[in-house]
Each structure stands twice: as C-alpha cells, then as structure tokens.
Amino acid sequence: MAPRTRLLRWWATSLATITLPFLGLVVGRETAIQGDNYAVHVPIFSWVSQSILHGRSPNWAGWYFAGHNVAGMGQGAIYYPLNLAFGLVNEVVAFRWWTLFHLWLAASGAFVWAWRRWGSYPGAAVAAITYGLNGQIVLHLVHANFTIAAAWFPWLLVGLDGLLKSGGVKRWAAYIAPLTMIAFAGHPQVLWGALVTTGIVVLVERGHRGVGLAPWARYAGATAVALGIAAVHLLPQLLFSRTSERPTLSKAQALLQSARLSDLLTAIFPHIEGGGQGVPGMSADYLGNFTYHEVGNFVGIGAALLALVAIVSRFRDRRVVSLAVLLVVSIGLAWGKNSWFGGLVFDTVPLADRFRIWPRYLIIGNLAISGLAAVGTAVVLGAPRRWRSTIVSGGLALVILGPIVVAFGDSLVSGGALVVAIAIPLLAFLALVASTHFADSHRRAATATILLACAVPAMLFTLAAPWRSESLSPADAEAFFDPATATWEPHDAEGGIDRWASQYAIDRGTSIVRDTDRIDGYDPLMQQHVAALTGAGYFGGLLDDRLWSPGWRADVLRITTVTLSRGQDPDNSDWTDTGARTEGGLAIWSYEPKLPEAYVVGEAVLDSFDEIDELLGDPDADFAETVHLEAHMPESAPVADGRATPGVAGTVDSGSMDRHGHGNFVVTADRPAVLVVSTLWLDGWSATVNGRDVPVARANGLVVAVPLEAGLNEIEFSFTPPGLELGAAVTFASLLVLLGIGVVPAVTKSASQGLSSSRPPSSLSIPMTLPKIFIWTCLAASGSMKRIF
C-alpha cells in the first residue's frame, strides 16, 4: 500500500472514530445547542454574521446594557471566517456542522502533528482520538469560543515545528494562521495559554548551545506578525477590558474554581464524581467541585499510560521533555489556589491575573498527553515486552489509588455508578496490558487493541457528556431561533425605545434573537460604571433592586419592563404587575418612564460620580430639567459651558439611534442646551452638530449627551470602538509583512536566475503558497473591515 494511501486511511479511521459518538448530530436528531451556546454564543455569532453579510457594522448592538461594544467584548468573534456560516443557513443546521467541523479540525491537527513528529500511523491515530475526544473539548462544547481556540491548538504546534526548522512563507503561514485563528476566536485566556505553550516548547527544544538565534528570531517574528494580523480584534478588546470589571479581578476570584486532586483524576475516571447522563450505568448527579464542565476532564487511562511509557523511554528526547513540561505546567495551573504554583504564576507572569477558571488550562496538558501517547504507542508496538511492567505498575497505581483519593474528597459516587466509573478504566487498562502479550506475533491485533483501549472509553465519555442531555431538541432549537415565534415583548411605553431587565440571567439569547433591548446581559468585560450604577452582573442577572426602586435609573435608561420572581414586588408604586408570567414563572412588571428616549434640557451640572449615583436614587431629584455630567471627565466641561438655565430647552423634531451604532436627530433648541439620548455611553462615541465635531459626554452616569446652540441643530452620532482604526492599520501592515516574506525571496531568486541565465526570464513568477484557510481569513477580514469603515 502506498504511504499516502495508508496515511489517509489512518486519518479517516481516526475521524470516523471521533464522529461515532456524534451520529445524532450528523443526522440531525441532536443539536449540541446547550447552556451558553443558546444563551449567548450562537445568537451573537448569528447576529454578527448577518450584520456583516448585510453590510452593517457588527461593532455595536442594542441588545445588552442599553447598547454594547460588540467588538470590545470579543466573544462575538467578528473576524473568525467560519462563523459566516451562521448568516448563510439557519442557526441549528449551522451549529451542527460548525461543531462537527471543529471536532474534525482538532483531531486532524493532532493526527498531523503526531505523524510529522513521530512517524507512527497508530500513534497518530491515538493522538487524534485522545485530543479530539478529550474532556476539555467535549465538556466545553457549551462554550463555542473555547471550541474554536481548542480546535486550532494542535495546528499551532504543527506550524511551530516547521518554523523552528527553517523559514519561508509556507512555514511562517503554517504557524501564523492557527495563532491568528485562536486570537480571532475571542477567548483571550486560550490565546494566552497558546503563547505560554509555544514559549515553553521553544525554550525546551531550542534552549541549548549550538542552536543559534535564527529559530528564536523566526518564532518571535512570526508570533508578532500573527498578533499584528489579529490586532483589529485584539486591540479593541484590550482597551475595552481596561475600563471593565476584569482588571479588578482579585487572586481569590481568579483562582476560585481551582481543580482539586480528585478533579484531576477525572482525566482517568471521568464519572467518578458523577456528571454523566443518558448512558445506563454512567448517569449520576455531579458531586464534585464547582462546575462540572470547568473542572472535569478526560484523556483516558490508555493515553495516560502510553504517555508514561513515552516519558520513561524517551526522557532524553527534548521533544518529549517539552511535552512533559507542558503537562506539569497545565496541571499546576489547573490546581490554582490549591498549589503554590498557581499563586506564583498569577503574581509574576504577564496577563495571568486577567483570567479566571484556571482548570481550562488542562487543554494544554491534554494536547501534551495526546502527543506523548503517540510516542508511547510506537514504543510499545516496537518493544512490547520491555514496557509491560511500566504499563502494569502505572495502571495498577491509578486503578487502586484513584478512587481512594476521590473518596477522601467526599465526592465519590456510589452504587452502580461507582462500579461503572472504575470498571471502564480497568477494562481499558487490561486491554492495553493484553496488547503487549501478542504484539510481537500479532501486531495488527495489538494495534487494534491499543486503539480500542483509548477509543472506547473516550466514546462512552462523550456519549454521557452534557452536550447531549442538556441540549435543546431540534424542534425547540428551531423555535428558539425563529424571530417570528410568539414571545413576550417589553411594555410599549410612550417616548421612544423600550428596554427590559431581568432579576435573573434568563432570556439572554432571546434578547439577541428577538432584537429587543436589555439593561443586563452577559459579558465578563462589563464596564465598571454600568455595574456600579445598575447593579448588573456580567453573568446576566441583577445583584439588587435599584433599577425598579424609587428614583430615576429606570427613567434614564428607558426601562419599561422587568421580570421578577414571585413575591419580589418593586418598592415603587409606579410599577404595575401585568399578571403575565415568563416561561420560567417570573412575574412581568411594567413601567411608564418619566423621560423620553431623547430630550433637550437647558442646564448641565458638573457632579462627581458618587453624587450622580446618589441623585439617581433620589425621587425628589429632577433629571427632566437638568442633566448631570461628571466633573472628572474631559468631555463634560465643554458640554456644560454656558448652559445654566434649568428646564426644557427645545424639541426633538425627529430622529433615533439605529441598531448598529449610528444616530441622526433634528432638534430645535430655544437657547444653548444639551441633547440627552438614552443610549449607553461608552468610550468611542463621536458626534457632529451641523457638521461640526462636538464632544459626547456621559450624562446622568450612563447615557450620552451633546451640546446644542440655539436654533435648528442636525446631530449625527457614530460609534467606533476604541482601538479599531489603529488595530486595522496594524493588521494591514502585518499582512504586508507576511506578503513581503514571500515576495522578497521570490523576487531575489528570480533576479538571481535572470543574471545567471543567457536569456532573460519571460515573466516574473511569485509563488503564493499560503494555506487556503489563511487566504480565506484575510479576505473575510478585509471584507468585514471594508463594510465597517
């Protein structure tokens, strides 16, 4: 059999294996739309892609926080090209095949990486199965941004291996493309993990005498170019994060959901703490630490023992050492507050203090184990008897000590669930031991046994994972994403836009799909002033009752509806119980705001932020005649200048804000005045009045205001995320650098051939060898930027 044919057969076998647990997804009986996917990610992906395809800016939307910087929040993954699928077909079909594609991408990357490193077909298949069905990927199917980044992770190491060997546009692009994709995924925590991973690999594998500076220079240069290409995404996200709740993240908050030793053992015994559903004998409530999909994990005892063989047999191979170091680092990070290592990294490593839920770094260790398992497979098949004792001793230690350790953590399942949780790893261990007995005489049978020992537990784990039991049914998912489906709407009050708020983190996705405006929502980068004045939590709920208590907060933000639990009556007689209930049983209350969407006042007062906060809670204050600006903000003084006569100072003749960060108003002012518009103020708003640039101030702590002169005023608002224009320029320059890496050598080579040839060349040939996916990314990004600007 030809080598290429054999390679393709092993690759196809690997993909078929990881696809088997997802047959329901393939045929459409399941959707994998669960948790944050339907509450946040898929609705945002769909909104972004449809906005781009219709030529609209995806940078601003009204469905969260009275308006939100979608480019800054990052999780919209605006520049990730494969998300355009959500604008081409309906969300349910798009997400099914989007999920399958990324699973195949992850497994294929692990296969190619292992094959190129070790040259073993069975080893490459073990790596593909181990990584494609590892616990961090399968359990995090609830988190689409994580899925994107995890799928490109092994391709990053494929590119890194080539880049460290030599230069050239092919090798640069093979490294730059996946790193750019990880950056575009909108999950900066995994991007940080990717940079840590590549840095460790380069340090261990090239950090010795005789290597020279060239590999280091290529690595640093390619990393800089990749981050430069992603600057149009990364810079707005970075600047938005600086004014968000995230910089105030304490060590205790960041390391709160740290893995215990018992959680780490779920890599071998995935359901020994429960968490499985939908498979007989594997269904049990999760008893472990915090959230199952965050601290749970899986690689399988087969892959773990093969990785052990690799470390013992090839401990002098720097490639093996680098993977072992990655494994140790990932475990140390996942342990977080439960070890000294997590605290040290938090305090000393740049940007480490920006991220929470550190068990997510187990994705690094899972990739390392898949690579080590590929080595171990080749070693065992080459000398099975020699490594039998290593496998037996390691396997017995895990099978015997693992349940004992978990039992001490008080999270051990009982009864039949415990038997199954131990039996599956035990059977896989025995199958691996059996393969060493007949590998010499029956190599094919031994190879098949090794694959089964790794694949069967992985498939059973995947079948029992939450992506199946907690997903919407196809019918429910279709109904959810159908904008025409009947649902409750915010109360229709006079005066313009109607917004709603919820006491709980419900209907976050509904707000996006139905295109309704909400005061609370979901974003870990929620701005500090929004949190301070509204009590909204980034997770989607409200932390207190200030939005429906007496005062002016509901009026300033044009809140006409709130959904509250039964018995949670507003301490404000202006709210009316409609008698209706949401699907979750929450009562719907309505309100008639005292302020319209846009109005004109004659007095602007400079106050401190705390004074404005106090006034918003004071029913006796009067925001209808006076606007309160913040004295410490540079935009406030020019807006307030000369405007000291309280009262209504004109009329809004026409105009409104649109859904994508633009607005036009025609206002007649009786005297110098201020136009106040109930749209959330964020850094990035600009405005013109009669064609002249004017400052945009943060009014009443939350919304926007601009100065007007007496007479007719035509006002135009626009929102540009801070950092977008600079980021786009850096992206363009970085693409030129990458192009130059390919063009300059080609031109030099062509010129050299022309000088040495008796005939001049008939034409100049510049080979363009970038991977297709990278070209697609650049075209999609450039097309998006063209529409945005």
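Conventions used here
- Residues numbered from 1 in each chain as written.
- Predicted model: local features only at pLDDT ≥ 70, side-chain atom pairs only at ≥ 80, totals over all residues.
- Heavy atoms only, no water.
- 1 Å grid on protein atoms, 1.4 Å probe; cavity = no way out; pocket = protein on both sides within 12 Å on 5 of 7 lines; lining within 4 Å.
- Points joined across faces, edges and corners; volume = space filled by probe spheres on them.
- Helix = DSSP H or I, 4+ residues; strand = E, 2+ residues; numbered from the N terminus.
- Nonpolar A, V, L, I, M, F, W, Y, C, P; charged D, E, K, R; others polar.
- pLDDT = per-residue confidence, 0-100.
- Contact = heavy atoms within 4.5 Å.
- Pairing = 2+ DSSP bridges.
- Axes fitted to C-alpha atoms, helices over the stretch in contact; angles between N-to-C directions.
- Core = buried A, V, L, I, M, F, W, Y, C linked by side-chain atoms within 4.5 Å.
- Buried < 20%, exposed > 50% of the residue type's maximum accessible area, 1.4 Å probe, protein only.
- Phe/Tyr/Trp six-rings, centres within 6.5 Å; stacked < 30°, edge-to-face > 60°.

**Some points on the layout of surface pockets**
So, step 1. Put simply, the second largest pocket is a space of about 580 Å³.
So, step 2. If you trace the second largest pocket, you find 26 residues lining it, with Leu264, Ile268, Leu327, Ile331 and Leu398 closest to the centre.
So, step 3. For the lining of the second largest pocket, the secondary-structure elements that each account for two or more residues are α15 (261-264), α17 (301-313), α18 (318-335), α20 (362-382) and α21 (388-408).
So, step 4. It is α18 that provides the largest number of residues to the lining of the second largest pocket, a total of six residues.
So, step 5. Partitioning the lining of the second largest pocket into residue classes produces 20 nonpolar, six polar and no charged.

**Some points on the confidence of the model for the protein chain**
So, step 1. Confidence in the prediction of the protein chain, expressed as mean pLDDT, is 90, and 94% of residues score 70 or more.
So, step 2. Within the model, the stretch residues 758-789 combines pLDDT values under 50 with 45 contacts to residues more than four positions away or in other chains.

**Considering the sheet that holds strand β18 (residues 711-719)**
So, step 1. Reading across the sheet, the five strands line up as β11-β12-β18-β14-β15 and stay open at both edges, with antiparallel pairing between neighbours. Two strands close off the open sheet at either side, each with one partner strand: β11 (650-657) and β15 (692-694). For this sheet, the mean inter-axis angle between neighbouring strands, taken without regard to orientation, is 25°.
So, step 2. The sheet contact formed by strand β14 (residues 685-689) and β15 spans three bridges and is antiparallel. Residue pairing across strands places Val689 opposite Arg692, the latter belonging to β15.

**Here we look at the nonpolar core**
Across soluble globular proteins, you tend to see nonpolar side chains buried next to one another.
So, step 1. Ranked by size, the top nonpolar core spans 239 residues in total, and within it Trp358, Leu675 and Phe717 carry the most contacts.
So, step 2. Once you skip the residues sitting within four places of it in the chain, Leu675 turns out to touch Ala598, Tyr599, Val600, Val652, Phe665, Val667, Val704, Ala705, Val706, Leu708, Ile715 and Phe717.

**What to know about empty space enclosed by the protein**
So, step 1. Applying the stated rule across the entire model yields six cavities of 30 Å³ or more.
So, step 2. Within this model, the largest cavity holds a volume of roughly 140 Å³.
So, step 3. Taken together, 19 residues form the lining of the largest cavity, with Pro270, His271, Met282, Ala421 and Ile424 sitting closest to its centre.
So, step 4. Counting residues per element, the ones that place at least two in the lining of the largest cavity are α22 (415-438) and α23 (443-463).
So, step 5. Of the pockets and cavities examined, the second largest cavity occupies roughly 60 Å³.
So, step 6. Tallied by class, the residues present in the lining of the second largest cavity amount to three nonpolar, three polar and three charged.

**Focus: the packing of aromatic side chains**
Describing an aromatic ring pair means giving the distance of the ring centres and the angle of the ring planes.
So, step 1. Taken as a whole and judged by the stated rule, the model has 30 aromatic pairs.
So, step 2. The interplanar angle of 65° and the centroid separation of 6.0 Å between the aromatic rings of Tyr64 and Phe65 together place this pair among those described as edge-to-face. One exposure class covers both Tyr64 and Phe65, and it is buried.
So, step 3. A centroid spacing of 5.5 Å and a plane angle of 45° characterise the contact between Trp552 and Phe623, whose relative ring orientation is tilted. Placement of the pair is Trp552 in the loop between α27 (528-534) and α28 (553-556) and Phe623 in the loop between α29 (609-616) and β9 (626-630), with a sequence separation of 71 residues.
So, step 4. Residue Trp552 is classed as buried on the basis of its relative accessible area of 6%.

**Focus: the pairing of β9**
So, step 1. Among the five residues in β9, five count as buried, and that is most of the element.
So, step 2. Along β9, one buried face is formed by Thr626, His628 and Glu630 and the opposite face, lined by Val627 and Leu629, is buried too.
So, step 3. Where strand β8 (residues 598-607) meets β9, five bridges bridge the pair, whose relative direction is parallel. Opposite Val605, over in β9, you have His628 as the bridge partner.

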